Amino acid sequence: MSSLQSHPGVPLEVHLEAVAERVARFCGEMLAPKDLSDAARITALSHDLGKATAYFQNHLRGRVTNERLSSHALLSAIFAVWHLAKDLPMSWRLPIYLAIRTHHSVLMTLENEIYPKRNWKYLEKQVEALDRGALGLVLQRAGISTSVEGELLPDFMEFARSFSWLAKDIAAKSNDLNLYFTTNLLLGMLVDADIRAVIGLGANETRERDQNVDIYIPDDVVDRYIEGLPKNSPIDPLRQKFYKTIIVNIQRFGLEHKFLSLTAPTGIGKTLAGFSAAIKLRNMIQRETGRLPRIIYVL
């Protein structure tokens, strides 16, 4: 064990391992592909490495310290993308960086997050105050082969050329929602696992079948409901055509696309069509993967 602490009485490496184990469980539950699982593991194992400075350790002991010097999220984020995730494509490095950078704050504008020039002098002081020997033990315990000898922090222009400018290009040219959802997924898993590990809260509830409740929802539950509705509106033929189109498209494209949208005028039946599509898609996923996902409805 190192002498570093994540929280009073909790060794840093123990906390990092606990968070990584919880994140791995999340990835297993969602049958995450390897690249997502790898990125999530790097995020979990490196999110608190910045706590290895004397400034943060003194803060834990109750000593008065400069808040900018005792903070750890930015240093952890830079260490993650500069060392642990250096060989990953920018489409993964940027979400990892943003998740770690903001796991104790809020996501600000992208430019402010990826150009930390005004904080660089504090980062340099933090690196000077790193307990490299103890940090090496933490990395070794976590199975990370990065050396703590030599340059741990590049100069700002080197970081900007190798990360910030490329990250900005990726964000500017992104024409889909993958960057947004990947960042939020990594951040959500990290924050959930981090908080639960700190307070000793158990994992999310298991979703075992209750003997009195059947969690399977039949494909045709909405179809049968619609059949019982009165057909006395002049737009009923349009509603029926709209509903049929949605169901045909779900059966045709359901598992081929990550994002599906439904756009139609008020009153034509989007709510029922959306629920029916979600239920059918849920059952298709179960048949294909054995996983029964949740339906989350946001009004």
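This text follows the structure it describes.
What you see is a predicted model; the values in this text were computed from it and never measured. (Residues numbered from 1 in each chain as written. Predicted model: local features only at pLDDT ≥ 70, side-chain atom pairs only at ≥ 80, totals over all residues. Heavy atoms only, no water.)

**So, the overall build of the protein chain**
Regarding its fold elements, the protein chain presents 14 helices and two strands. For 299 residues, the compact-globule formula gives about 19 Å, and the C-alpha radius of gyration of the protein chain, at 24 Å, lies well above that figure. With the principal axes as the frame, the protein chain shows a C-alpha extent of 75 × 45 × 35 Å. Within the protein chain, counting contacts between residues at least 6 apart in sequence, those at least 24 apart form 73% of the total. Accessible surface computed for the protein chain: about 17400 Å², of which carbon and sulfur atoms make up 55%. Across the protein chain, 36 positive and 33 negative side-chain charges occur, with their mean positions spaced 4 Å apart. (Helix = DSSP H or I, 4+ residues; strand = E, 2+ residues; numbered from the N terminus. Rg over C-alpha atoms; globule rule 2.2 N^0.38 Å. Contact = heavy atoms within 4.5 Å. Areas by Shrake-Rupley, 256 points an atom, 1.4 Å probe, with all protein chains shown as cover. Lys, Arg positive; Asp, Glu negative; His and termini not counted. Charge placed at Lys NZ, Arg CZ, Asp CG, Glu CD.)

**What to know about the environment of Gly274**
With respect to the secondary-structure elements, Gly274 resides in helix 14 (residues 270-289). On the accessibility criterion, Gly274 (27% relative accessible area) is partly exposed. C-alpha of Gly274 to C-alpha of Glu227: the two residues are 47 residues apart in sequence and 16 Å apart in space. (Buried < 20%, exposed > 50% of the residue type's maximum accessible area, 1.4 Å probe, protein only.)

**Let's talk about the environment of Thr182**
Looking at where Thr182 falls in the secondary structure, it is placed in helix 11 (residues 178-199). Sequence spacing of Thr182 and Ile235 is 53 residues, and the spatial spacing of their C-alpha atoms is 40 Å. Contact partners of Thr182, with chain neighbours within four places excluded, come to Trp92 and Pro95.

**Brief notes about helix 11**
With 22 residues, helix 11 extends 32 Å between its outermost C-alpha atoms, agreeing within 8% with the 32 Å of an ideal straight helix rising 1.5 Å per residue. Among the residues of helix 11, Leu179, Thr182, Thr183, Leu186, Leu187, Met189, Leu190, Ala193, Asp194 and Arg196 are the ones counted as buried. Along its buried surface, helix 11 packs onto helix 1 (12-29), helix 2 (34-46), helix 6 (90-101) and helix 10 (156-173). (Expected span 1.5 Å × (residues − 1).)

**With respect to a negative patch on the surface**
Taken together, the side chains of Glu124, Glu128, Glu151 and Asp155 define an acidic patch exposed on the protein surface. Structurally, the position occupied by Glu151 is in the loop between helix 9 (132-141) and helix 10. (Patch = residues over 30% accessible without salt bridge, like charges linked within 9 Å, V, L, I, M, F, W, Y side chains within 5 Å. Salt bridge = Lys/Arg side-chain N within 4 Å of Asp/Glu carboxyl O.)

**Here we look at unusual backbone geometry**
The phi torsion at Leu31 lies on the positive side, around 50 degrees, for a residue other than glycine. Structurally, Leu31 can be placed in the loop between helix 1 and helix 2.

**Quick notes on a nonpolar patch on the surface**
On the surface, Leu177, Tyr180, Phe181 and Phe259 cluster together to form a nonpolar patch covering roughly 410 Å² of accessible area. Turning to its location among the elements, Leu177 is positioned in the loop between helix 10 and helix 11.

**Focus on the pattern of salt bridges**
Following the criterion strictly, the structure yields nine salt bridges and no others. As a salt-bridge pair, Asp192 and Arg196 come within 2.6 Å of each other at their nearest N and O atoms. In this pair, Asp192 and Arg196 are both assigned in helix 11, four residues apart and thus about one turn of the helix distant. With a relative accessible area of 25%, Asp192 lands in the partly exposed category. As a salt-bridge pair, Lys280 and Asp223 come within 3.3 Å of each other at their nearest N and O atoms. Pair noted here: Lys280 is in helix 14 and Asp223 is in helix 12 (residues 221-227), with a separation of 57 residues, a long-range link. Assessed through its relative accessible area of 21%, Asp223 is described here as partly exposed.

**Examining the side chain of Asp48**
Take Asp48: it is sitting in the loop between helix 2 and helix 3 (54-60). Exposure remark for Asp48: the relative accessible area of 0% places this residue in the buried category. Within polar-contact distance, the side chain of Asp48 engages the side chain of His47 at 3.2 Å. Here Asp48 is in contact with Ser6, Leu12, His15, Leu16, His72, Ser76, His103, His104 and Asp194, once residues within four sequence places are set aside. (Polar contact = N/O pair within 3.5 Å; in protein donor to acceptor, adjacent residues only side chain to side chain.)

**Quick word on a positive patch on the surface**
A surface patch of like charges, here positive, comprises Arg68, Arg118, Lys121 and Lys125. Secondary-structure assignment places Arg68 in helix 4 (residues 67-70).

**Points about the nonpolar core**
Ranked by size, the top nonpolar core spans 60 residues in total, and within it Ile96, Tyr97 and Phe163 carry the most contacts. Elements represented by at least two residues in this core include exactly helix 1, helix 2, helix 5 (73-84), helix 6, helix 8 (120-128), helix 9, helix 10 and helix 11. The contact partners of Tyr97, leaving out residues within four places of it in the chain, are Leu74, Ala77, Ile78, Val81, Glu113, Ile114, Pro116, Phe159 and Phe163. By size, the runner-up hydrophobic cluster in this structure holds eleven residues, among which are Val222, Ile246, Ile250 and Met284. (Core = buried A, V, L, I, M, F, W, Y, C linked by side-chain atoms within 4.5 Å.)

**Examining the packing of helix 5 against helix 8**
Close contact between helix 5 and helix 8 brings their axes to 10 Å; oriented N to C, the two are set at 80 degrees. Judged by the angle between their axes, helix 5 and helix 8 are roughly perpendicular. Counting all contacts with helix 5, which are made through Leu74, Leu75 and Ile78, the residues of helix 8 involved are Trp120, Leu123, Gln126 and Val127. Across the contact of helix 5 with helix 8, the residue classes break down as six nonpolar, one polar and no charged. (Axes fitted to C-alpha atoms, helices over the stretch in contact; angles between N-to-C directions. Parallel < 35°, antiparallel > 145°, perpendicular 65-115°, else oblique. Nonpolar A, V, L, I, M, F, W, Y, C, P; charged D, E, K, R; others polar.)

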